[in-house]
Amino acid sequence: MRSTPTAACEIHARIEPLGLRREKATLEMFERAQRMNPLHPAKLLVENWKKKDRIQYPTIMHHITTLQERCHLSNDRKPICRVPKIPPNKEMKSPEVITHLKNKDTNKKTDPALLKLEAEITIHTYPPDWIHIHRRFSI
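Residues numbered from 1 in each chain as written. Predicted model: local features only at pLDDT ≥ 70, side-chain atom pairs only at ≥ 80, totals over all residues. Heavy atoms only, no water.

Naming follows an unreviewed UniProt entry, where the protein appears as Death domain-containing protein of Elysia marginata.

This is the structure in structure tokens:
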């Protein structure tokens, strides 16, 4: 009896192959280090690394150099901001949520065409700079 090949099982389970996951994690680690504070030890390690020919297994940085050649990574990186730029003492405004129609006599028992018309009239009364979120109800 033969077993199912691992690659076929990964495809059937919709799991990325291990090699691709490893490459993805390596690139994410490299990008994270590149976006850190200029004095962070991880960023200094990545930037000052020099390639040495090794007889033993290659390091992660060796893999990154080959992946960079293959993936063409951008050099325009925005630094990671771990702390939000909002001052801690600033009071946040809560959004204004309107949950009723303009005509308060309209309810679920109203004719569906009239109900839709009332909903559109209510929506058009909102200021244009508001973010409109519409929730669909079943009748």
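Still more to cover.
Asker: Explain unusual backbone geometry to me, please; I cannot follow it from the model alone.
Answerer: Excluding glycine, most residues fall at negative phi; most peptide bonds, likewise, are trans. For R14, which is not glycine, the phi dihedral falls at a positive 55 degrees. Assignment of secondary structure puts R14 in the loop between helix 1 (6-12) and helix 2 (18-34). We note that H72 has phi near 55 degrees; this positive angle belongs to a residue other than glycine. Examined against the element boundaries, H72 turns out to sit in the loop between helix 4 (60-71) and helix 5 (112-124). Overall, the relative accessible area of 65% leaves H72 in the exposed class. (Helix = DSSP H or I, 4+ residues; strand = E, 2+ residues; numbered from the N terminus. Buried < 20%, exposed > 50% of the residue type's maximum accessible area, 1.4 Å probe, protein only.)

Asker: Looking at this structure, I do not really get the pattern of salt bridges. What am I missing?
Answerer: Here the idea is simple: oppositely charged side chains can pair when their charged atoms come close. In total, this model carries five salt bridges according to the counting rule given. The residue R77 makes a salt bridge to E31 at a minimum N-O spacing of 3.0 Å. Taken together, the positions of R77 in the loop between helix 4 and helix 5 and E31 in helix 2 put the pair 46 residues apart, joining distant regions of the chain. A relative accessible area of 15% means that E31 is categorised as buried. (Salt bridge = Lys/Arg side-chain N within 4 Å of Asp/Glu carboxyl O.)

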